[in-house]
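Chain residues, written in single-letter form:
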Amino acid sequence: MKPVILFAAGATRWRHWEAPLRAALDEAGIDAELVTEAEPETVDFILFAPGGDIPPDFTAFTRCKAVLSLWAGVERIVGNPTLTQPLCRMVDPGLTQGMVEYVVGHTLRLHLGIDAVLASQNGRWNPAVPPLAGERQVAVLGLGALGSACAQALAGLGFPVLGWSRRARDMDGITCLHGDTGLRTALSQAQIVVTLLPATPETENLLNAETLALLPRGAALINPGRGTLIDDAALLQALDSGQVRQATLDVFRTEPLPPDHPFWTHPRVTVTPHIAAETRPPSASRVLVENIRRGLAGEPFLHLVDRSAGY
Ligand code: NAP
């Protein structure tokens, strides 16, 4: 019997995913039924994204070997008590490349003061030379698939990079820190902070009045992680006081960001609409199919979510 793969991520996404998924299955030599509807008890794998077609109750999917997320962030599914099957998150080379480009681009923008340069095209010759990357301390909070790639790209440009994670890590060219003391060390030195942490109870409001006060005055923040990492009111206060000179925010507690949210009009905030990095169907389909292959062969899955840690 052919394995049944249920694409439960919505009709719009299906239009972009069907062809690359079929191509990746062919490439891997897997003969499967790839469908958008099926009786739950016949399904072997679920391809999932928030806002898709799957009911919130996974109980009836008795044969399902794994739920494979199209998204890197799994906070909207990880706590579902009916999900007893293995849950794998997305680690996609295309997504990672997108995030590296977003983080490097905005870090260089803040480092070189490009906003101020553009705002001062007023006929006055003002030769203010920015420092070199080696003179600008960057901290990357979160050293997972995305954070580690961004940290390494920034280090490759010459920025001294402090990285912070939950567990102790060792990465070439990065000063790795962990734990509460590590966070304090990273924040107290960082002129640019990049947050690439998942949304979990432990990371909620990590950047609050107390931790933002640890930053050197005038530090800048780039948050492509999750909106819950930041206490919005504390950030607005830190921006108003000049403690934080600029915040570039891609993710928010409520998305789309409500039109009356003060971030939209704050002169020191750049809002991007959750576009830092998207899963790219051609490369991501190969990642999903590799996990399907593993599930069929009884091999361990890649990118398994640790339910107790929440990511
Ligand atoms: P990941 O591989 O799971 O890495 C998460 C990192 O965060 C790990 O280094 C982990 O530490 C660290 N971490 C988790 N909880 C922590 C805690 N309590 N204290 C300190 N460090 C903690 O995730 P990823 O693939 O890099 O993705 C990171 C996040 O980016 C996703 O969860 C998602 O929210 C966000 N994202 C955003 C976009 C966008 O377009 N804006 C796109 C994709 C993803 P350990 O290394 O010790 O495990």
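Our subject in this report is the structure included herewith.

Cut-offs and rules
- Residues numbered from 1 in each chain as written.
- Predicted model: local features only at pLDDT ≥ 70, side-chain atom pairs only at ≥ 80, totals over all residues.
- Heavy atoms only, no water.
- 1 Å grid on protein atoms, 1.4 Å probe; cavity = no way out; pocket = protein on both sides within 12 Å on 5 of 7 lines; lining within 4 Å.
- Points joined across faces, edges and corners; volume = space filled by probe spheres on them.
- Helix = DSSP H or I, 4+ residues; strand = E, 2+ residues; numbered from the N terminus.
- Nonpolar A, V, L, I, M, F, W, Y, C, P; charged D, E, K, R; others polar.
- Disulfide = S-S within 2.5 Å.
- Buried < 20%, exposed > 50% of the residue type's maximum accessible area, 1.4 Å probe, protein only.
- Pairing = 2+ DSSP bridges.
- Contact = heavy atoms within 4.5 Å.
- Axes fitted to C-alpha atoms, helices over the stretch in contact; angles between N-to-C directions.

1. Concerning the layout of surface pockets
Volume-wise, the second largest pocket comes out at about 490 Å³. Around the second largest pocket sit 19 residues that line it, and Gly 113, Ala 116, Val 117, Ser 120 and Ala 128 are the ones nearest its centre. Going through the elements one at a time, α2 (93-112), α3 (114-119) and β11 (244-249) are the ones with two or more residues in the lining of the second largest pocket. At 4 residues, the largest contribution of residues to the lining of the second largest pocket is made by α3. The residue makeup of the lining of the second largest pocket, split by class, is 8 nonpolar, 7 polar and 4 charged.

2. Notes on the state of the cysteines
Across all of its chains, the model carries 0 disulfides by this definition. Take Cys 64: it sits in no disulfide, and the sulfur closest to it among the cysteines is that of Cys 88, at 10.0 Å. Cys 176 provides the cysteine sulfur closest to Cys 150, a residue in no disulfide bond, and the two sulfurs are 14 Å apart. For Cys 150, a relative accessible area of 0% translates into the label buried.

3. Details of the sheet that holds strand β1 (residues 4-8)
Pairing in this open sheet of 5 strands is parallel, and the strands run β2-β1-β3-β4-β5 from one edge to the other. With partners counted over all chains shown, the strands left at the sheet margins are β2 (33-35) and β5 (87-88), one partner each. Helix α8 (residues 281-297) rests against β1, β3 (45-48), β4 (66-69) and β5 of the sheet, and its axis sits at about 160 degrees to β3.

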